[in-house]
Each structure stands twice: as C-alpha cells, then as structure tokens.
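Inside the fold
One-letter residues, chain by chain:
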Amino acid sequence: MTKIISNLNVTKLVVDHPIGQDNPPLLSPDSHNDDQDAPTQQVLQLSDFAVSWEDRLTDKQLDTFVTDGWLTIDNVFNKTALLALQAESGFIDYRDAALTAGIRISDIRGDRIRWITENFFAGYYYLQSINALAALFNRSLFAGIRHSEAHYACYPAGFGYQWHSDNPAGRDERVISAVFYLNDDWGVTDGGALEVVDKHGTHHEVMPVANRLVIFDSDLQHQVQIAHRQRYSIATWMRRDGLVPFVEDSM
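What this report covers is the structure whose coordinates are included nearby.

Conventions used here
- Residues numbered from 1 in each chain as written.
- Predicted model: local features only at pLDDT ≥ 70, side-chain atom pairs only at ≥ 80, totals over all residues.
- Heavy atoms only, no water.
- Helix = DSSP H or I, 4+ residues; strand = E, 2+ residues; numbered from the N terminus.
- Buried < 20%, exposed > 50% of the residue type's maximum accessible area, 1.4 Å probe, protein only.
- Contact = heavy atoms within 4.5 Å.
- Areas by Shrake-Rupley, 256 points an atom, 1.4 Å probe, with all protein chains shown as cover.
- Salt bridge = Lys/Arg side-chain N within 4 Å of Asp/Glu carboxyl O.
- Pairing = 2+ DSSP bridges.
- Axes fitted to C-alpha atoms, helices over the stretch in contact; angles between N-to-C directions.
- Expected span 1.5 Å × (residues − 1).
- Lys, Arg positive; Asp, Glu negative; His and termini not counted.
- Parallel < 35°, antiparallel > 145°, perpendicular 65-115°, else oblique.
- Nonpolar A, V, L, I, M, F, W, Y, C, P; charged D, E, K, R; others polar.

**Topic: the overall build of the protein chain**
Helix and strand counts for the protein chain come out as four helices and 13 strands. Residue burial in the protein chain is summarised as follows: out of 251 residues, 49% are buried. Residue pairs at least 24 apart in sequence account for 80% of intrachain contacts in the protein chain once pairs closer than 6 positions are excluded. As displayed, the protein chain has an accessible area near 12600 Å², and 50% of this comes from carbon and sulfur atoms.

**Concerning the pattern of salt bridges**
Per the counting criterion, the structure on display carries seven salt bridges. Between E149 and R174 there is a salt bridge; the shortest N-O distance is 3.2 Å. One end of the pair, E149, is in strand 6 (residues 147-155); the other, R174, is in strand 8 (residues 174-181), with 25 residues separating them in the sequence. One salt bridge connects R171 with E173, and the closest N-O pair in it is separated by 3.4 Å. Relative accessible area serves as the criterion here: at 22%, E173 is assigned to the partly exposed category. Ionic contacts of the salt-bridge type, sharing partners, join the residues E149, R174, R239 and D241 into one network.

**Quick look at the sheet that holds strand 3 (residues 95-96)**
Read across the open sheet, the seven strands follow the order 2-11-8-13-6-5-3; overall the sheet is antiparallel. Two strands close off the open sheet at either side, each with one partner strand: strand 2 (70-73) and strand 3. Here strand 8 runs beside strand 13 (residues 231-239); their pairing, made up of seven bridges, is antiparallel. Across the sheet, the residue bridging to Y181 is S233, located in strand 13. Contacts between helix 2 (residues 59-68) and the sheet are confined to strand 2, strand 8 and strand 11 (213-217), with strand 2 contributing the most and set at about 140° to the helix.

**Observations concerning the sheet that holds strand 7 (residues 161-164)**
Across the sheet, four strands lie side by side as 7-12-9-10; this open sheet has antiparallel pairing. Edge strands, defined here as strands with exactly one partner in the open sheet, are strand 7 and strand 10 (203-206). Adjacent strand axes in the sheet meet at a mean angle of 10°, parallel and antiparallel pairs treated alike. Judged from the three bridges that link them, strand 9 (residues 194-197) and strand 12 (residues 222-224) form a sheet pairing that is antiparallel.

**Quick look at the pairing of strand 5 (residues 112-115)**
Here strand 3 runs beside strand 5; their pairing, made up of two bridges, is antiparallel. The partner of R95 across the bridge, within strand 5, is I113. As judged from the four bridges shared by strand 5 and strand 6, these two strands associate in the antiparallel manner. Its bridge partner being in strand 6, I113 is matched across the sheet by A153.

**Some details on helix 4 (residues 121-141)**
Under the 1.5 Å per step criterion, the end-to-end length of helix 4 is 30 Å for 21 residues, consistent within 8% with the ideal 30 Å. For helix 4, a buried count of 16 out of 21 residues is recorded, marking the element as mostly surrounded by other parts of the structure. With its phi angle positive at about 50°, F142 sits one or two positions after the end of helix 4.

**Description of the side chain of D198**
Tracing the backbone through its elements, the reader meets D198 in the loop between strand 9 and strand 10. Notably, D198 is buried but unbridged: the nearest opposite-charge side chain belongs to K199, and the N-O separation is 9.8 Å. With residues near it in sequence (within four places) discarded, D198 still touches D68, W70, H204 and L220.

**Notes on unusual backbone geometry**
Backbone geometry at N75 places phi at a positive 55°, although glycine is not the residue there. Position of N75 relative to the elements: it lies in the loop between strand 2 and helix 3 (79-91). By relative accessible area, N75 is classed as exposed at 60%. A positive phi angle, near 55°, is found at D185, a position not held by glycine. The residue D185 is located in the loop between strand 8 and strand 9 in this model. Accessibility expressed as a relative area gives 57% for D185, which makes it exposed.

**Here we look at the packing of helix 2 against helix 4**
Packed helix pairs are characterised by how far apart their axes lie and by the angle those axes make with each other. One way to put it is that helix 2 packs onto helix 4 with a least axis distance of 12 Å and a crossing angle of 80°. Put simply, helix 2 runs roughly perpendicular to helix 4. Together, L62, F65 and V66 of helix 2 and F137, S140 and L141 of helix 4 make up the contact between the two elements. The class makeup of the residues in the contact of helix 2 with helix 4 is five nonpolar, one polar and no charged.

Pasting the structure below:
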C-alpha cells in the first residue's frame, strides 16, 4: 500500500556531511587567524548575488532555449553567494514535500523541502536574482512572467522524484522552471541526475554540480534519478500569476 505522509509534519533532518568540503562552511573565525572576521548571514548584500544575465545568456542560447526548451548555466554566482546558499541549506528544518493534492506520496518523490521567504537571507537574495533573470525572459521572449517562487530541497540517499511536469492536470501558472545545485564534488557514481525530455523527445541527463543552474520549460517531463548521497538544491519556478516583485534591472 502506498504510504501517505501529512505535509504538516516537520521532519528533523540528521546530516553528517550535507554539503561542500566544509559541510557546511564554518560560520566562526579561523582559530589560526585572529584578524579574520566571522562570516555571518547579516553581512550578505544583494550585490553579492548580482548576475549580468544579459552577458550570461547570448541570443544563440535564448534561441536554443526556445527551440529545445532547456539550457544549463555553470558558475552562476560568486563564492560568497554560493557558500551562503550552501550554509543556509544545511541549517534549516526541512518538511515533507507535497504533491498538488496536498499530500506527499513516498514512492513518487522523496525530497524534503523548505519554501524560501524573506526570512532566509541567502535564499531571498537568490530569488531576487532569479526575478532579474525572469525580467530578461520577459524582454527577450515575451514570457509573461510576473513573479518567482523557490524552495530548498534535500534528497536523502536512496531517493529521487519520478517523471512529472511542473504544470500537472492542465495547469499553466508556471512558465519556466529552474534548479540550482549546491553539492560540491558531485560525481557520476553519486547518481541524482536531473533527466529532462526536450521538445524533440530527446532525453538529457544533467549532473547536480554546485553553482549550476538548469532552466527548462515547465511543461517538459523530467525526473530526479535516485541519489546515492545526500543531495541539495533549490527548486525554482517563474510564474505568470500574482504580483510583480522584480528587482531593479541595474542589479
């Protein structure tokens, strides 16, 4: 029988080595360097997450996105932003993920999540950068995106997410989906690849390498293959409903 777990339950995630080589990066000074200031979330600035999307996405890449329905961008953020996102993903309480009907079915998806709000320093700045990317899609592709949403996601070893689209049952609020990856030193033997079927029916496997952003049409079928170590990411959707909270283009 399929096991159904209430989405209201809060699951404490026990993590030995969640992310990166420092697992997570230390938030206290190096004891061997008395002059080093302790890094904290409070010192983060919106500018730390600034990306010149016009420079990162050429006209050729945008044309490929329109034709194939997906693209990948590597080395998206600087080290400060990446470490902040990695650290934040390791310090939050994750909750059982849900399907559209409001339940989590454990044999379909195995991730645990936490929606990003203004209470998350790094995650909220990440969302502002994604909104700037959405503004580019609106200018270039007339995408009609009005706001973005995102959540941190953790897949324990042995779990994935079966085939689905991000607009189930004929819904179309989500225009473009994106996934940002947080694990350092991820290899092929670690599994957990994102498998996407493009507009031509061709399957593509994308490894969840840290600082990589995968962008795809929300109607495309995709799945997360079984991960063999704990896998961290940020699932993101650019939507055509709701208000417009875009940041200034000068970011």
